[in-house]
Structure formats: C-alpha cells, structure tokens
Amino acid sequence: MKYVLHVVFLISVFFLPWWCTVPLGIFLMTVPYGSVTAILGGVIMDVTFGTALTSLFGLSYLYTTVFVGVALLMALLENRVLD
C-alpha cells in the first residue's frame, strides 16, 4: 500500500500538468524513500519536457533542482525538530 503513492506520482509525471505533479512530489517526500522517487520524477520531467530557461541562466533541470532543494530543506528541518 505504501508504494501506491510512488506509482501515482510517477504516472502523474507523464499524464498530469506540472501544477499537480509538483505538490504531489512534495507530499511524497513525507513517506519513506519518497525523496528518491520525487527526485527521480524531477529528472524524468526535466529530461522529457524541460527546456533551458534564459531567465534562470540557462538552467534546464528546474524540477530536479526544486525537488533536491525541498528534500534538503526537509532533511534539515527534520534534524532540527527531532533534536
């Protein structure tokens, strides 16, 4: 049952718009190994649909950067709260 959310997220990467997939990926990071799946989904989104953005200095891995940043922030907050 815990893998259902991982599968739903990876399916949403291909069939749902980004504004549905990104919040689902952030929510996915709260379950075990969700950060890995979310970052993998970000890489898939960037490789499949991404283009270089001139407003972000040619950054073409926007979703990967967002998911890595959120994962690092969640890890930092988890360590601060639990300590």
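Summarised in this report is the structure supplied together with it. (Residues numbered from 1 in each chain as written. Predicted model: local features only at pLDDT ≥ 70, side-chain atom pairs only at ≥ 80, totals over all residues. Heavy atoms only, no water.)

### Thoughts on the overall build of the protein chain
1) Next: For the protein chain, the helix and strand inventory stands at 4 helices and 0 strands.
2) Next: Along the three orthogonal principal directions, the C-alpha set of the protein chain runs to about 40 × 30 × 15 Å.
3) Next: With 83 residues in all, the protein chain has 28% of them scored as buried.
4) Next: The long-range fraction of contacts in the protein chain, counting pairs at least 24 apart against all pairs at least 6 apart in sequence, stands at 52%.
5) Next: Accessible surface for the protein chain amounts to roughly 5,800 Å². Of this, 75% is attributable to carbon and sulfur atoms. (Helix = DSSP H or I, 4+ residues; strand = E, 2+ residues; numbered from the N terminus. Buried < 20%, exposed > 50% of the residue type's maximum accessible area, 1.4 Å probe, protein only. Contact = heavy atoms within 4.5 Å. Areas by Shrake-Rupley, 256 points an atom, 1.4 Å probe, with all protein chains shown as cover.)

### A closer look at the packing of helix 3 (residues 34–49) against helix 4 (residues 62–82)
The relative placement of two packed helices comes down to the angle between their axes together with the axis-to-axis distance.
1) Next: Their axes nearest at 7 Å, the elements helix 3 and helix 4 cross at an angle of 165 degrees. Taken together, the axes of helix 3 and helix 4 are roughly antiparallel relative to one another. The handedness of the crossing between helix 3 and helix 4 comes out as left-handed. Only Leu62, Tyr63, Thr64, Phe67, Val68 and Ala71 of helix 4 make contact with helix 3, whose side of the interface consists of Ser35, Ala38, Ile39, Gly42, Val43, Met45 and Asp46.
2) Next: Of the residues contributing to the contact of helix 3 with helix 4, the split by class is 9 nonpolar, 3 polar and 1 charged. (Axes fitted to C-alpha atoms, helices over the stretch in contact; angles between N-to-C directions. Parallel < 35°, antiparallel > 145°, perpendicular 65-115°, else oblique. Left-handed = near helix turned anticlockwise from the far one by under 90°. Nonpolar A, V, L, I, M, F, W, Y, C, P; charged D, E, K, R; others polar.)

### A word on the packing of helix 2 (residues 18–28) against helix 3
1) Next: Their axes nearest at 8 Å, the elements helix 2 and helix 3 cross at an angle of 155 degrees. Taken together, the axes of helix 2 and helix 3 lie roughly antiparallel to each other. On helix 3, the residues touching Trp18, Thr21, Gly25 and Leu28 of helix 2 are Gly34, Thr37, Ala38 and Met45.
2) Next: Looking at the contact of helix 2 with helix 3, its residues break down into 4 nonpolar, 4 polar and no charged.

### Considerations on the packing of aromatic side chains
1) Next: The full count for this structure, using the stated rule, is 1 aromatic pair.
2) Next: Judged by centre distance (6.1 Å) and plane angle (80 degrees), the ring pair of phenylalanine 9 and phenylalanine 67 falls under edge-to-face. Separated by 58 residues along the polypeptide, phenylalanine 9 in helix 1 (residues 4–15) and phenylalanine 67 in helix 4 bring together distant segments of the chain. Of the two residues examined, phenylalanine 9 and phenylalanine 67, each falls in the buried class. (Phe/Tyr/Trp six-rings, centres within 6.5 Å; stacked < 30°, edge-to-face > 60°.)

### A word on helix 3
1) Next: Across its 16 residues, helix 3 extends 22 Å between first and last C-alpha, which sits within 8% of the 22 Å expected from 1.5 Å per residue.
2) Next: For helix 3, the complete set of buried residues consists of Gly34, Thr37, Ala38, Gly41, Gly42, Met45 and Asp46.
3) Next: Next to the buried residues of helix 3 lie helix 1, helix 2 and helix 4. (Expected span 1.5 Å × (residues − 1).)

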